[in-house]
Amino acid sequence: VVPLAALLQIGGVQIAKDDVVKENDPTNNVPDSIFAKLGMQLHRRENHPLGILKKTIYDYFDVNFPGKFEKFDDLCPIVTVKQNFDDVLVPPDHVSRSYNDTYYVNSDTVLRCHTSAHQAELFRNGHTHFLVTGDVYRRDSIDGTHYPVFHQMEGVRVFSPEDWSGSDMDGTEYAAADLKRSLEGLAKHLFGAVEMRWVDTYFPFTNPSYELEIFFQGKWLEVLGCGVTEQAILHASGRTDIVAWAFGLGLERLAMVLFDIPDIRLFWSSDERFTSQFSEGKLGVKFKPFSKFPPCYKDMSFWINDGFTENNLCEIVRGIAGDLVEEVTLIDNFTNKKGMTSHCYRITYRSMERSLTDDEINELQEQVREAVQNKLNVVLR
Ligand code: FA5
Ligand code: MG
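Residues numbered from 1 in each chain as written. Chains lettered and ligands numbered in written order. Predicted model: local features only at pLDDT ≥ 70, side-chain atom pairs only at ≥ 80, totals over all residues. Heavy atoms only, no water.

**A short note on the pairing of strand E14 (residues 325-335)**
Note that E14 and strand E15 (residues 341-349) share nine bridges and pair antiparallel. Within the sheet, the bridge partner assigned to Asn333 lies in E15 and is His343. Turn length for the E14-E15 hairpin, with the two strands adjacent in sequence and antiparallel, is five residues, and the turn residue Gly339 shows positive phi of about 85 degrees. (Pairing = 2+ DSSP bridges. Helix = DSSP H or I, 4+ residues; strand = E, 2+ residues; numbered from the N terminus.)

**What about empty space enclosed by the protein?**
Within the structure shown, the criterion is met by two cavities of 30 Å³ or more. Those elements that place two or more of their residues in the lining of the largest cavity are helix H2 (32-35) and helix H11 (310-321). The element best represented in the lining of the largest cavity is H11, accounting for four residues. Here the residues of the lining of the largest cavity are counted per class, giving six nonpolar, two polar and five charged. The two domains that each donate at least three residues to the lining of the largest cavity are domain 1 (4-267) and domain 2 (296-380). When its volume is computed, the second largest cavity comes out at roughly 50 Å³. Surrounding the second largest cavity, Leu183, Leu186, Ala187, Leu190, Phe191, Leu212, Ile214, Val223, Leu224, Leu249 and Leu254 form its lining. Taken together, the elements giving at least two residues each to the lining of the second largest cavity come down to helix H7 (171-191), strand E10 (206-216) and strand E11 (219-229). A class-by-class count of the residues in the lining of the second largest cavity yields 11 nonpolar, no polar and no charged. (1 Å grid on protein atoms, 1.4 Å probe; cavity = no way out; pocket = protein on both sides within 12 Å on 5 of 7 lines; lining within 4 Å. Points joined across faces, edges and corners; volume = space filled by probe spheres on them. Nonpolar A, V, L, I, M, F, W, Y, C, P; charged D, E, K, R; others polar. Domains from an automatic or database assignment.)

**As for the pairing of E10**
Along E10, eight of the 11 residues are buried, which leaves the element largely enclosed by surrounding structure. One ladder, built from seven bridges, connects strand E9 (residues 196-203) with E10; its direction is antiparallel. Within E10, the residue paired with Met196 across the bridge is Ile214. In textbook terms, the turn of a hairpin is the stretch between consecutive antiparallel strands, and for E9 and E10 this stretch comprises two residues. As defined by bridge partners, E10 adjoins E11 across nine bridges and the pair is classed as antiparallel. Looking at the pairing, Ser209 lines up with Gly227 of E11. Between the antiparallel neighbours E10 and E11 lie two residues, among them Gln217 with a positive phi of about 50 degrees. (Buried < 20%, exposed > 50% of the residue type's maximum accessible area, 1.4 Å probe, protein only.)

What follows is the structure, given as structure tokens:
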């Protein structure tokens, strides 16, 4: 009998964990806690903030470009390394390809780390206006705005020479201007007035590339990346003479701002006090925290070794404490005369749903210390 969580249904296809992961395969770094998230598809729930946000963005494109944008929200998150990286020109030595940053099911298959993994195939199949929404997976640090599984929406629009020939711009300039206009329009549709700014950036798949930031909780929060698609991607997909823009936005980040959701873990809550607040399935609701429970801090110091990474530490902590861990922060870092480096991390434990007892936290922290020592080969101080 296959355990329930190991069987998932995506796009009408049933996938058993055993079909994709071999027992003790060293080329697989997907823990059970992450595998269990596959197929949950929070973005397809009508009464979930992510589902509501997806629909609100759909509305914007439907009103402004009637009948133009095709929507995909059920593409399988298990993709090839080629789809996730090669097809969008991510260089062979780029950090995002490392086992430290990406979940590999095996050496040629990953849990997509962005919805851009579907671009090339959709270009190849002739699509010209599309939105792709899906769950994406990344090994990452732990705090209130980062989670190893989150949701993105990719938007792509293709232009042909007749679109820009009447303007005084070339295809790239024309697409870049249209992109910024369209996304500013989207931000206005979602937020009304909000402080935002464009930041120049780099992506392997776009040039020029930009990030849009929104002012949230006193800080600038990056909500999306975008740019004009590299010609090489279009050419490899058999499309010539065209120009395209693309964006990839983080649904949680936008939803946190829109609904006043203070912590990214809440999206996964099945607590009725969370879920019931979105039962109308509409925008305009502000989340009312049921209560803010007290945090509990535990510090842990150890001598690191060469292979130590913060992502590996975070995965161990998350594997033991699950959503009871709110943040993992490096608070001290020094190297002694012998060249040994010590790190001190502060782990913040807090439940979104209840008060935690001292015994419970001490027990978790003890397990964390043991696992960190055994699995990361560090020396606790
Ligand atoms: C990308 O993933 C690009 N594929 C976006 C893109 C698409 C650029 C098309 C150009 C053209 P980035 O890694 O910056 O870019 O992620 C995009 C957004 O996802 C971020 O702006 C942020 O809103 C969100 N995001 C990134 N990491 C996390 C995380 N750990 N938790 C929650 N949201 C995240
Ligand atoms: Mg980014």
